[in-house]
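Below, each chain spelled out in residue letters.
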Amino acid sequence: MNLDHQDQTATDPYLERLVAFIQMNAEMERGLGPASALLRYAKTFEPAHTNPAWFTRGPAKQCFDNATQVLISRLAAGDNSVRYAEGYAMDAELAIPMQHAWLVDADNKVIDPTWRDVADNLYFGIVFETSFVLDLLRIKQSAGILVDAVGMHRHYGTEELFESGICRLATN
């Protein structure tokens, strides 16, 4: 497990619960899977204080599509500062880990095109290179990276292939 997670879980009971949930899932995986990838590469993200002027919220329960659609629209507008992230999030009022996708701005702050009232939510995930996300959309014809364990094993199931898709700027 990432050493940063150990330090953070000692002070955040929600993160501790989330990491324990992910560890339980990782124990059932063979090789690199979504949960083991999260334990190795994920970090926590804070929500942005305000949404950008271009922000639009998509339909509920469509986070993977919402995040990729907004990413594509920002690229079409010439803005490459927004990146796609995926992992787990926990709503402050309902502390249940949920697979989720969101966007991250240039300051590594969460822009969530699906959930409302995100100020106190916990976001724990991996930011991906935009080219990696777009390539997978073309190949799979559907959004979602970690949420699709079968697709993950088929298209980027080795550590090397998976690591090539991680946005390095977001891990510093």
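Since the structure is predicted, the reported quantities are computational estimates derived from the model, not experimental observations. (Residues numbered from 1 in each chain as written. Predicted model: local features only at pLDDT ≥ 70, side-chain atom pairs only at ≥ 80, totals over all residues. Heavy atoms only, no water.)

(A) Expanded view of the pairing of strand E1 (residues 43–47). Bridging between E1 and strand E5 (residues 122–128) involves 3 bridges; their strand directions are antiparallel. Residue Thr 44 lies in a different strand from E5, and its bridge partner there is Phe 124. Sheet analysis places E1 next to strand E4 (residues 109–111), joined by 2 bridges and oriented parallel. Considered in E4, the bridge of Pro 47 is made with Val 110. (Pairing = 2+ DSSP bridges. Helix = DSSP H or I, 4+ residues; strand = E, 2+ residues; numbered from the N terminus.)

(B) Spatial organisation of the packing of aromatic side chains. One pass over the full model with this rule turns up 9 aromatic pairs. For the ring pair Phe 21 and Tyr 88, a centre distance of 5.6 Å and an interplane angle of 80° mean the geometry is edge-to-face. Taken as a pair, Phe 21 in helix H2 (residues 13–26) and Tyr 88 in strand E2 (residues 83–91) lie far apart in primary sequence, 67 residues in all. Take Phe 21: its relative accessible area is 29%, and that puts it in the partly exposed class. Ring geometry for Trp 102 and Tyr 123: centres 5.1 Å apart, planes at 65°, overall edge-to-face. Of the two residues, Trp 102 sits in strand E3 (residues 94–104) while Tyr 123 sits in strand E5, which places them 21 residues apart along the sequence. By relative accessible area, Trp 102 is classed as buried at 0%. Here a set of aromatic residues connected by ring pairs shows up, and it is made of Tyr 41, Phe 128, Phe 132, Tyr 156 and Phe 162. (Phe/Tyr/Trp six-rings, centres within 6.5 Å; stacked < 30°, edge-to-face > 60°. Buried < 20%, exposed > 50% of the residue type's maximum accessible area, 1.4 Å probe, protein only.)

(C) Just the nonpolar core, in detail. Ranked by internal contacts, the top residues of the largest apolar core, which has 39 residues, are Tyr 84, Ile 126, Phe 128 and Phe 162. Secondary-structure elements contributing two or more residues to this core are H2, helix H3 (34–41), helix H4 (63–76), E2, E3, E5, helix H5 (130–140) and helix H6 (149–156). Among all residues touching Ile 126, those that are not within four sequence positions of it are Ala 37, Leu 38, Tyr 41, Ala 42, Tyr 84, Ala 85, Glu 86, Leu 146, Phe 162 and Ile 166. With 11 residues, the next largest nonpolar core counts Val 104, Trp 115, Val 127 and Cys 167 among its residues. (Core = buried A, V, L, I, M, F, W, Y, C linked by side-chain atoms within 4.5 Å. Contact = heavy atoms within 4.5 Å.)

(D) Region of the structure containing the pairing of E5. Taking burial as the measure, the 7 residues of E5 include 7 buried ones, the bulk of the element. Both E2 and E5 contribute to a ladder of 7 bridges, which runs antiparallel. The residue of E5 that forms the bridge with Tyr 84 is Phe 128.

Any functional reading would require information beyond the geometric quantities listed.
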